[in-house]
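Fold and contact review
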Amino acid sequence: MSDTLGEPVETPYQRVQRSDEFQALRSRFRRFVFPMTALFLVWYFVYVLLANYAHDFMSTRVWGTITVGLLFGLGQFVSTFAITMIYARWANNRQDVVADRLRRHIEDGELAPGADR
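Not measured: the values here are computed from a predicted model.

1. A few points about the overall build of the protein
The helix and strand tally for the protein stands at four helices and two strands. In the protein, the succession of helices and strands from N to C terminus is α-α-α-β-β-α. Here the protein, with 117 residues, has 22% of them falling under the buried criterion. Taking all contacts inside the protein whose residues are at least 6 apart in sequence as the whole, residues at least 24 apart take part in 64%. Surface exposure of the protein reaches about 8,600 Å², of which carbon and sulfur atoms provide 64%.

Have a look at this one:
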């Protein structure tokens, strides 16, 4: 979209995206999510590799018919729920307040603080 002089018109979304507040929000999100994702993927691939190449270890009985492999498999579910709960708590406490403030800037048509960098 452009005005009559041929200059592009910046949308409120673009102004907010350029703001320091939005950049900090995005950076904080990445600093949390990327390491958490990497940690989970390592845990997942260790489980898969052990299941494929360490049959004796994974079939070791821990208690009755419960094996190490079964405990690791159940651990995948537990870790998925734990990561979800950790993320939800973190997002509620750290991200949502800032995201709501940015949303209000957009809805009110205000220029977000720090957008003129």
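Having seen it, we continue.
2. Quick notes on the nonpolar core
Residues Phe32, Val33, Met36, Trp90 and Ala91 constitute the largest nonpolar core, which totals five residues. Those elements that place two or more of their residues in this core are helix H2 (20-53) and helix H4 (68-108). Looking at which element gives the most residues to this core, the answer is H2, with three residues.

3. Regarding the pattern of salt bridges
Throughout the structure, instances matching the rule amount to two salt bridges. For Arg101, the salt bridge identified is with Glu21, shortest N-O distance 2.4 Å. Of the two residues, Arg101 is situated in helix H4 and Glu21 in helix H2; the sequence distance between them amounts to 80 residues. Of the charged contacts, one joins Arg103 and Asp100 as a salt bridge, the two residues approaching to 3.8 Å between their closest N and O atoms. With a gap of three residues between them, Arg103 and Asp100 both fall in helix H4, about one helical turn apart.

4. Overview of H2
Between the first and last C-alpha of H2 there are 49 Å, a value that for 34 residues agrees with the 50 Å anticipated at 1.5 Å per step. Buried residues along H2 sit in contact with H4.

5. Description of the environment of Ile83
In this structure, Ile83 sits in helix H4. Given a relative accessible area of 22%, Ile83 falls into the partly exposed group. C-alpha of Ile83 to C-alpha of Met36: the two residues are 47 residues apart in sequence and 7.8 Å apart in space. Among residues more than four places away in sequence, those in contact with Ile83 are Met36 and Phe40.

6. Description of the confidence of the model for the protein
Across the protein, pLDDT averages 86, with 87% of residues at or above 70. Long-range and interchain partners of residues 112-117, a stretch whose pLDDT sits below 50, account for 19 contacts in this model, where long-range means more than four residues apart.

7. A few points about the side chain of Thr67
The topology assignment puts Thr67 in strand E2 (residues 66-67). With a relative accessible area of 18%, Thr67 lands in the buried category. Look past the residues within four positions of Thr67 in its chain and what remains in contact with it is Met58, Ser59, Thr60, Arg61 and Val62.

Criteria and thresholds
- Residues numbered from 1 in each chain as written.
- Predicted model: local features only at pLDDT ≥ 70, side-chain atom pairs only at ≥ 80, totals over all residues.
- Heavy atoms only, no water.
- Helix = DSSP H or I, 4+ residues; strand = E, 2+ residues; numbered from the N terminus.
- Buried < 20%, exposed > 50% of the residue type's maximum accessible area, 1.4 Å probe, protein only.
- Contact = heavy atoms within 4.5 Å.
- Areas by Shrake-Rupley, 256 points an atom, 1.4 Å probe, with all protein chains shown as cover.
- Core = buried A, V, L, I, M, F, W, Y, C linked by side-chain atoms within 4.5 Å.
- Salt bridge = Lys/Arg side-chain N within 4 Å of Asp/Glu carboxyl O.
- Expected span 1.5 Å × (residues − 1).
- pLDDT = per-residue confidence, 0-100.

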